[in-house]
Amino acid sequence: MRSMHSSEKIEELVAELEAYRLDAILLSETWRHEPAKIWETQHNPIFMGAGRYKNKHGVGIMLNKRWKKRIIDTDYINERAIKTTILVNRQLIELMSVYFPHSKYADHHVEKMYRNIEKHMTNNKKCIPIIGGDFNAELGPGKGTECKSVGK
């Protein structure tokens, strides 16, 4: 699926994933442009998403409805990061979905993403952090003294 820019696209994704009985899905590049929001879909999952620009960026977290009453907090960081905290068997779990800038962006944009992640993740040893998404990592030819395993 290329994007989730409409409610119909969310429902389409939900229908495709229904057979897998997943508890959580971290989504990136959703292309949703409305402000932060929580949707209960027609099927099972709850979708939490944030975006800003039409057909650009956007992130989301999809949770099985059985976790609805276990959601402690949802933090809409920006159009490239969202975090939710859930309580599972007396254990806090932080789920963060990120969408990093690609290589055409200047390094300071990537560094800003790392700072946002660090700033918004709880520094609590009793909380399990899970970060997923599109990190836009790119391999290229090695330069200078870099690791010999990086090739053309």
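Below or above, wherever it landed, is the structure these notes cover. Everything numeric here is computed off the predicted structure, so don't read it as measured data. (Residues numbered from 1 in each chain as written. Predicted model: local features only at pLDDT ≥ 70, side-chain atom pairs only at ≥ 80, totals over all residues. Heavy atoms only, no water.)

**Thoughts on the pairing of strand E5 (residues 71-78)**
Line of reasoning, step 1. Sheet analysis places E5 next to strand E6 (residues 81-88), joined by six bridges and oriented antiparallel. What sits directly across from aspartate 73, in E6, is threonine 85.
Line of reasoning, step 2. A loop of two residues connects E5 with E6, the two strands running antiparallel in sequence. (Pairing = 2+ DSSP bridges. Helix = DSSP H or I, 4+ residues; strand = E, 2+ residues; numbered from the N terminus.)

**Remarks on the side chain of threonine 74**
Line of reasoning, step 1. By the element assignment, threonine 74 lies in strand E5.
Line of reasoning, step 2. Given the relative accessible area of 18%, threonine 74 is considered buried.
Line of reasoning, step 3. In terms of polar contacts, threonine 74 uses its side chain to reach the side chain of threonine 84, at 3.0 Å. (Buried < 20%, exposed > 50% of the residue type's maximum accessible area, 1.4 Å probe, protein only. Polar contact = N/O pair within 3.5 Å; in protein donor to acceptor, adjacent residues only side chain to side chain.)

**So, the nonpolar core**
Line of reasoning, step 1. Listed in full, the ten residues of the largest apolar core are Val59, Ile61, Leu63, Trp67, Ile82, Ile86, Val88, Ile93, Leu95 and Tyr99.
Line of reasoning, step 2. The set of elements that each furnish at least two residues to this core consists of strand E4 (59-63), E6 and strand E7 (91-99).
Line of reasoning, step 3. Isoleucine 93 has contacts with Thr84, Thr85, Ile86, Val88, Cys127, Ile128 and Ile130, leaving out every residue within four places of it along the chain. (Core = buried A, V, L, I, M, F, W, Y, C linked by side-chain atoms within 4.5 Å. Contact = heavy atoms within 4.5 Å.)

**Thoughts on the packing of aromatic side chains**
Line of reasoning, step 1. A full pass over the atoms with the stated rule returns two aromatic pairs.
Line of reasoning, step 2. Taken together, Phe100, Tyr114 and Phe135 form an aromatic cluster joined through their ring pairs.
Line of reasoning, step 3. Over the face of the ring belonging to tyrosine 105 we find arginine 80, whose NZ or CZ atom lies 5.2 Å from the ring centre. (Phe/Tyr/Trp six-rings, centres within 6.5 Å; stacked < 30°, edge-to-face > 60°. Lys NZ or Arg CZ within 6 Å of the ring centre and 35° of its normal.)

Distances and angles like these do not, on their own, reveal function.
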